[in-house]
Each structure stands twice: as C-alpha cells, then as structure tokens.
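Chain residues, written in single-letter form:
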Amino acid sequence: MKVKHLVVAFLCMLGCCACSSPKTEVKSPDGHIKMTLTVDENGTPFYNVSVNDSLLIENSKMGFVEGNGVILGGGFRIEKTTFDSKDETWTQPWGENKILRDCHNEMTAVLKNDDGVLLTLRFRAFDDGVAFRYEWEVPDLDSLTVTDELTEFRFAEDGVSWSIPGNFNTYELLYRELPVSAVENANTPFTFRVDGTYGSIHEAALYDFPEMNLYRTDSLAFKAELAPLPDGIKARIPSKFMTAWRTIQVGDKAVDLINSSLILNLNEPSKIADTSWIKPQKYIGVWW
C-alpha cells in the first residue's frame, strides 16, 4: 500500500509540474497556422511558425540591444501566458473594402529577467497569417537607447522571393525575383513562395519607431535591420514602449496576400471621429 501511495503521489506531482508550465503556442481560428514561443537556456526568446503542420519559419531569435547596458535580449523566464480571441467586423472610412472582419486568437506571454525588465510578447494568429510585437517596461529609467533589433526570420527551406533591395532612402527600385537564399537584403514587404505556401513579411502599426529592412545572416535566415538616426542610434524610446507589429501574411495563392486584411486589422483605429467629409475622388497628375 505504501508503494502504491508513493507512486500515486509521484504521478500527481508530475501532473502538477506539467500543469505549472505555461502553454506557449497559439493557433489561427481555423487551426491551420500555429505560432510557438520558446526560451532557451540563456533566457533568449525564440518563435516559430507552422502552416498545415509543416514548419515555415524555424526557431528564430527575438529581442533588442540597448546602448546603455539594459538587457533586452536574454536572461528571460516566462512568468505567465494568457489567451484571448476576437471576432468582429469594422468599417473603413475609405479603402478597397468597406467592411472588414478581424478574427484572431491572441497569446500574451509575460517574461522577466534578473534586471527586472518586464517584456510582454504579444502574438496574434489569423487565418491569413501571424504577427507579434514587443511591449517593454524597464524600471527606474526614463528612456532606452535602441542600437539593434535581434528579430530573425529563419526559413525552414528555400523558395522563390520577390522584393526590392534594402534601402532606407528610397523605395523606387526595381523588383527582382530570386531564390530566398540568394537575397542579401530587402525592403519589406518581402514576398515569397515556399513549398506551395505564399507569404509576405512586413510590419504594421509603425508609430514613433524606425522602419524595418531584412538583411541575410546565413543561407535561409534574415535579421531585422532598423533605419538609423543620423548618429547611428536606431531609436530613443520611453522605458515603457510598444514596438510595431512584425507580420507574416500567409496564403495558398498569391491573390490571398492581396485580399488579406491582416495589416489593416493590426493598425490602430482611426482617430478621426467624424469621417463623413471624406469623399472618394479621382486625381490625374504627376508624382513629382
């Protein structure tokens, strides 16, 4: 009897340990896209993305570098995760489609390191892609100096891509079709087809933060590169701050990317209370 009781107690203890580990994955409402968060032995957060049970983006590093020694890229442990869902429609004051549907599942992971840095990683999974952003809260400081972003996009396999070269001064460059592995740098949106899945890496809700380009770090991995200020610093931000969303749109066909409302759903609602004065017009003229 004593042995039996010990076995039962041990199994219950294992069950409690399993229950205490927070769930760290979120799926799209239809279940075919999954995004997973992990933290390695150094406390560095990573994410990956699967489509139809096949890895599209392998474990990719997350984090930032701060110029005054604040640790924003490691030493983290997951304190808790919470989940939420949303399914509602909203009306655009102008645009191709007047009524848009915002249907997604959200995972909020709260991480903390020994410096007391509180990092909330917010993930959203839609039927047409995924997105994530960083929400920082650093105690005893008024501001942060961002010198680099560590966010990676590490493709599980090679494919074909369409993009313009990475350039912070102009978007008026020729698009090129290249294997993903042959791209050295690119502006976003970075559009690709990998194993029959079409996708596009871009950003949303870009307010008071530098734009992102992609620079290749090895054959199938790209790192976010932020547009610098004249002194080389990437951004000076408050110690409590939300970054832009990093987005990966996904579709079975190229036209699915055009029809996607993922980025619109991630942008902040219009702050113009009365939009009745906005009337569609036609304009004929020159750009310059």
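This report concerns the structure included in the present document. (Residues numbered from 1 in each chain as written. Predicted model: local features only at pLDDT ≥ 70, side-chain atom pairs only at ≥ 80, totals over all residues. Heavy atoms only, no water.)

With that settled, consider the overall build of the protein. In terms of regular secondary structure, the protein is built from three helices and 21 strands. Projected onto its principal axes, the C-alpha positions of the protein cover 90 × 45 × 45 Å. Buried positions account for 45% of the 288 residues belonging to the protein. Counting only contacts in the protein whose residues sit at least 6 apart along the sequence, the fraction spanning at least 24 positions is 60%. Of the roughly 15800 Å² of accessible surface on the protein, 54% is carried by carbon and sulfur atoms. Across the protein, the 28 positively charged side chains and the 41 negatively charged ones have centroids separated by 5 Å. (Helix = DSSP H or I, 4+ residues; strand = E, 2+ residues; numbered from the N terminus. Buried < 20%, exposed > 50% of the residue type's maximum accessible area, 1.4 Å probe, protein only. Contact = heavy atoms within 4.5 Å. Areas by Shrake-Rupley, 256 points an atom, 1.4 Å probe, with all protein chains shown as cover. Lys, Arg positive; Asp, Glu negative; His and termini not counted. Charge placed at Lys NZ, Arg CZ, Asp CG, Glu CD.)

On to the nonpolar core. By size, the foremost hydrophobic cluster in this structure holds 50 residues, and its most contacted members are Tyr 47, Phe 123, Phe 155, Phe 190, Phe 192, Ile 201 and Ile 248. Dropping the residues within four chain positions of it, Ile 201 is found in contact with Phe 153, Phe 155, Thr 188, Pro 189, Phe 190, Phe 192, Met 212, Leu 214, Thr 247 and Ile 248. Counting eight residues, the second largest nonpolar core, distinct from the first, contains Phe 126, Ala 131, Ala 204 and Ala 205. (Core = buried A, V, L, I, M, F, W, Y, C linked by side-chain atoms within 4.5 Å.)

Okay, the packing of aromatic side chains next. Taken as a whole and judged by the stated rule, the model has 15 aromatic pairs. When the ring of Tyr 134 is compared with that of Trp 136, the centres are 6.0 Å apart and the planes differ by 10 degrees; the resulting orientation is stacked. We note that Tyr 134, like Trp 136, is buried. Seen from the ring of Phe 83, Lys 23 lies directly overhead, with NZ or CZ sitting 5.2 Å from the centre. (Phe/Tyr/Trp six-rings, centres within 6.5 Å; stacked < 30°, edge-to-face > 60°. Lys NZ or Arg CZ within 6 Å of the ring centre and 35° of its normal.)

A few words on the sheet that holds strand β5 (residues 64–66). Spatially, the three strands line up as an open sheet ordered β5-β10-β19, and their pairing is antiparallel. Bordering the open sheet on either side are β5 and β19 (235–238), each of which pairs with just one other strand. Averaged over all pairs of adjacent strands, the angle between strand axes in this sheet comes to 45 degrees, irrespective of strand direction. (Pairing = 2+ DSSP bridges. Axes fitted to C-alpha atoms, helices over the stretch in contact; angles between N-to-C directions.)

Turning our attention to the pairing of strand β17 (residues 212–218). Here strand β14 (residues 185–187) pairs with β17 via three bridges, running antiparallel. By the bridge assignment for β17, Asn 187 is matched with Asn 213. Pairing analysis gives six bridges linking β17 to strand β18 (residues 221–226), with the strands arranged antiparallel. If you follow Asp 218 over to β18, its bridge partner there is Ala 221. In this structure, the hairpin formed by β17 and β18 is closed by a connection of two residues.

Once that is clear, we can look at the sheet that holds strand β1 (residues 25–27). Here we have eight strands laid out as an open sheet, ordered β1-β2-β3-β4-β11-β18-β17-β14, and antiparallel in their pairing. Two strands lie at the open edges of the sheet, namely β1 and β14, each paired on one side alone. Strand-to-strand twist of the sheet, defined as the mean angle between neighbouring strand axes without regard to direction, takes the value 20 degrees. As paired strands, β1 and strand β2 (residues 33–39) are joined by three bridges and run antiparallel to one another. Within β2, the residue paired with Lys 27 across the bridge is Lys 34.

What is shown is where atoms sit, not what they do.
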